[in-house]
Amino acid sequence: MSDAALPFLGGRAGAAASPRAPLLPMRARGLTLRRGGVAVVDRIDLDLGLRGCTAILGPNGAGKSLLLRLLHGLEPPEAGAVTWNGAPASREVTARQALVFQTPVLLRRSVGANLDFVLRARRRDRGLRAALLDRVGLGDKADRPARLLSGGEKQRLALARALATGPDVLFLDEPTASLDPGSVLMIERIVREEAERGTRLVIVTHDVAQARRLADDVVFLHRGRVIEHAPTDTFFAAPAAEAARDFLAGRIVL
Amino acid sequence: MREATESLQDIAEALRLAVSLVLSGDADLVEIVVLSLRVSLTATAVACAIGLPLGALVAVARFPGRGTALVVMNALMGLPPVVVGLIVYLHLSRAGPLGFLGLLYTPTAMIVAQTILIAPIVAALSRQVLEDLHDEYAAQFRSLCLTRAQVVGALLWDGRYALMTVALAGFGRAVAEVGAVMIVGGNIDHLTRVMTTAIALETSKGALPMALALGIVLMALALGVNAAVHGLRASAVRHAYV
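Quantities reported herein were computed from a predicted structural model and do not represent experimental measurements. (Residues numbered from 1 in each chain as written. Chains lettered and ligands numbered in written order. Predicted model: local features only at pLDDT ≥ 70, side-chain atom pairs only at ≥ 80, totals over all residues.)

## Brief notes about the overall build of chain B
Consideration 1: When its secondary structure is counted, chain B shows 10 helices and zero strands.
Consideration 2: Secondary structure elements of chain B occur, N-terminal to C-terminal, as α-α-α-α-α-α-α-α-α-α.
Consideration 3: Seen through its C-alpha atoms, chain B measures out along the principal axes to roughly 75 × 50 × 35 Å.
Consideration 4: In chain B, buried positions account for 39% of the 242 residues.
Consideration 5: The long-range fraction of contacts in chain B, counting pairs at least 24 apart against all pairs at least 6 apart in sequence, stands at 80%. (Helix = DSSP H or I, 4+ residues; strand = E, 2+ residues; numbered from the N terminus. Buried ≥ 20, exposed ≤ 12 C-beta atoms within 10 Å, placed from the backbone. Contact = placed C-beta atoms within 7 Å.)

## Details of the overall build of chain A
Consideration 1: Of regular secondary structure, chain A possesses nine helices and 10 strands.
Consideration 2: At 18 Å, chain A has a C-alpha radius of gyration in line with the 18 Å of a compact globule built from 254 residues.
Consideration 3: Dimensions of chain A, computed from the C-alpha atoms along their principal axes, are close to 50 × 45 × 35 Å.
Consideration 4: Within chain A, the fraction of its 254 residues that count as buried is 44%.
Consideration 5: Considering only contacts within chain A whose residues lie at least 6 apart along the sequence, 69% involve residues at least 24 apart. (Rg over C-alpha atoms; globule rule 2.2 N^0.38 Å.)

## Let's talk about the packing of helix α5 (residues 151–164) of chain A against helix α6 (residues 181–197) of chain A
All names here are of chain A.
Consideration 1: Two elements in contact, α5 and α6, have axes separated by 9 Å at closest approach and are oriented at 15 degrees. Between α5 and α6, the crossing angle belongs to the class labelled roughly parallel. Crossing handedness for the pair α5 and α6: left-handed. Here G152, Q155, R156 and L159 of α5 lie close against α6, whose contacting residues are G182, S183, M186, I187 and I190.
Consideration 2: Across the contact of α5 with α6, the residue classes tally to four nonpolar, four polar and one charged. (Axes fitted to C-alpha atoms, helices over the stretch in contact; angles between N-to-C directions. Parallel < 35°, antiparallel > 145°, perpendicular 65-115°, else oblique. Left-handed = near helix turned anticlockwise from the far one by under 90°. Nonpolar A, V, L, I, M, F, W, Y, C, P; charged D, E, K, R; others polar.)

## Topic: the pairing of strand β2 (residues 38–48) of chain A
Residue and element names in this part refer to chain A.
Consideration 1: Where strand β1 (residues 26–35) meets β2, seven bridges bridge the pair, whose relative direction is antiparallel. For L31, the partnering residue across the bridge sits in β2 and is I44.
Consideration 2: Linking β1 back to β2 in an antiparallel pair, the connection comprises two residues, with G36 at a positive phi of about 60 degrees. (Pairing = 2+ DSSP bridges.)

## Description of the UniProt feature "domain: ABC transmembrane type-1" (unreviewed entry) in chain B
Consideration 1: Mapped onto the present numbering, the UniProt feature "domain: ABC transmembrane type-1" (unreviewed entry) falls on residues 33–229 of chain B.
Consideration 2: Taken as a whole, residues 33–229 of chain B contains 79% helix and 0% strand, while its terminal C-alpha atoms sit 21 Å from one another. (UniProt positions renumbered as here; feature names shortened; annotations may be inferred.)

## Details of the UniProt feature "transmembrane region" (unreviewed entry) in chain B
Consideration 1: Listed under "transmembrane region" (unreviewed entry) in the UniProt record, and renumbered for this structure, are residues 39–61, 68–92, 104–125, 161–186 and 206–229 of chain B.
Consideration 2: Across residues 68–92 of chain B, the secondary structure splits into 84% helix and 0% strand, with the terminal C-alpha atoms separated by 30 Å.

## Digging into the UniProt feature "domain: ABC transporter" (unreviewed entry) in chain A
Consideration 1: Under the local residue numbering, the UniProt record ascribes the feature "domain: ABC transporter" (unreviewed entry) to residues 26–248 of chain A.
Consideration 2: With 38% helix and 27% strand, the stretch residues 26–248 of chain A has end C-alpha atoms that lie 27 Å from each other.

## Observations regarding the interface of chain B and chain A
Consideration 1: Across the boundary between the two partners, chain B contributes 24 residues, which contact 24 residues of chain A.
Consideration 2: Those elements giving two or more residues to the side of chain B that touches chain A turn out to be α5 (107–143) and α6 (148–158) of chain B.
Consideration 3: In terms of residues, the side of chain B that touches chain A owes the most to one element, α5 of chain B, which gives seven residues.
Consideration 4: Its residues assigned to classes, the side of chain B that touches chain A comprises 14 nonpolar, five polar and five charged.

## Description of the sheet that holds strand β10 (residues 225–231) of chain A
All names here are of chain A.
Consideration 1: The mixed open sheet is built from six strands, whose spatial order is β6-β7-β8-β3-β9-β10. One side of each edge strand has no neighbouring strand; the edge strands of this open sheet are β6 (97–100) and β10. Strand-to-strand twist across the sheet, computed as the mean angle between neighbouring axes with direction ignored, equals 15 degrees.
Consideration 2: Where strand β3 (residues 53–57) and strand β9 (residues 217–222) come together, four bridges link them in parallel fashion. Within β9, the position partnered with I56 by the bridge is V219.

## What to know about the sheet that holds strand β5 (residues 87–88) of chain A
Consideration 1: Taken in spatial order, the four strands make up an open sheet running β2-β1-β4-β5 (chain A), and their pairing is antiparallel. Each having just a single partner strand, β2 and β5 of chain A make up the two edges of the open sheet.

## Considerations on the environment of D207 of chain A
All names here are of chain A.
Consideration 1: With respect to the element layout, D207 can be found in the loop between β8 (200–204) and α7 (208–214).
Consideration 2: Classification of D207 by C-beta neighbours within 10 Å gives partly exposed; the count is 16.
Consideration 3: Taking the C-alpha atoms as reference points, D207 and A177, separated by 30 residues in sequence, lie 8.3 Å from one another.

## Focus on unusual backbone geometry
The phi angle of most residues is negative, glycine excepted, and most peptide bonds adopt the trans form.
All names here are of chain A.
Consideration 1: L24 connects to P25 through a cis peptide bond whose omega is 10 degrees.
Consideration 2: Locating P25 in the fold gives a position in the segment before β1.
Consideration 3: Backbone geometry at R123 places phi at a positive 55 degrees, although glycine is not the residue there.
Consideration 4: Its place among the elements puts R123 in the loop between α3 (111–121) and α4 (128–135).
Consideration 5: By the C-beta count within 10 Å, which is 7 here, R123 ends up exposed.

## A few points about the confidence of the model for chain A
Consideration 1: The pLDDT averaged across chain A works out to 90; a share of 92% of its residues lies at or above 70.
Consideration 2: Scored below 50 in pLDDT, residues 1–14 of chain A shows 35 contacts in the model against residues more than four places distant or in partner chains. (pLDDT = per-residue confidence, 0-100.)

## Focus on the packing of α5 of chain B against α6 of chain B
All names here are of chain B.
Consideration 1: Contact geometry of α5 with α6 gives a least axis separation of 10 Å together with a crossing angle of 130 degrees. When the interaxial angle is binned, α5 and α6 end up oblique. α5 and α6 meet at a crossing whose hand is right-handed. Between α5, through L130, L133, H134 and F141, and α6, the contact on the second element is made entirely by V151, L155 and D158.
Consideration 2: In terms of residue class, the contact of α5 with α6 is made up of five nonpolar, one polar and one charged.

Here you go:
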């Protein structure tokens, strides 16, 4: 019987599996994933350093979200591998990361109970709940049913839940898409605070201005491949790839 | 024409007597109703204790032969009560492997039979409910690295309102069946007589008032339980908990 809750196919528990060892740097080599015979992630090589915020930019269908899921260990690659400080993907490695999905999936419980669930599952101090809710501006909504929150509030709760796990690496998949400006501001503020605290951030975004505001480096994806990976200033000042130039100029990139 | 009119008058008279039996709280009637509830509620509780975790486990696990297991689970929902009664009878009869327990013709035997009858219903329906819920939660749960026990626990809690309907379906099947309890209980007065077996007996004796009175209680019970669950679900919908 396979364990549906455990996505991993095996692998040696390395240094990063130990809670005290550094999780980073991350190294991905030759990551490939096919859907319907098409390589939606195509032989991607990517390195993440110890600190900072990396933005993954690219047009629709470029494979940004799938790349995030591959790095987080939610999907096993068909080819290639991800290593974290030399250790292969494992349950212990993923447990030190968190992913905020584009569409938050909240439990059918109150706002506070959604956080309690994660804090209990991770055996963390239940007293963190109030501080986390205050941090995402939901301190007065602890008893409200989570699924009756507005879109922005739901995403902020999802972010609080991710932070409740105390992640070393935080993946965010278009966390502010279609949100109200207040929620966008709050989420960006928290992203900056987390980066300052030393949490490694990887954010998928369509929003070029957001990538410029938040990221230290930009990965530009096109048709499942990394076309360009450069420091944010360099990327926006002089994008090397034609597809990146078209994207930044607002032209439709197929 | 005259005979038909007399027959209708008989039924009306029986109905009047039945209502008065219910309203007066007839001791025999109350005893039968209480035993029926005790047997069927206990069977439902035991069936839920077995069927809900089993349904949840099959909902989240992927294993060789799962498709066959699903077909068997679904097929067992249609177990004929008399066949279940017969199998339990064979096991509990003096010559059977569990005959030493001395359970035949006791309420416990009836609980066992009803549990066997409805546990597959609870397991199969809860599997469907929880698999749909798991499809929604799966990626988030994998990201949170939950253990299988944590996943099953979360699904059972978050699916609680839908699962109440599942339990109700089980209870409805248990309280309304007659074949299994008749065989393993024996319909013994003041010992194993429940509503359905009493209705069958009283009708065959021509004692329509008691049969109708029990029928009224059975219907009222079904309506009451359904109304209660409907009310709870409506409250859950308002809170977006379903």
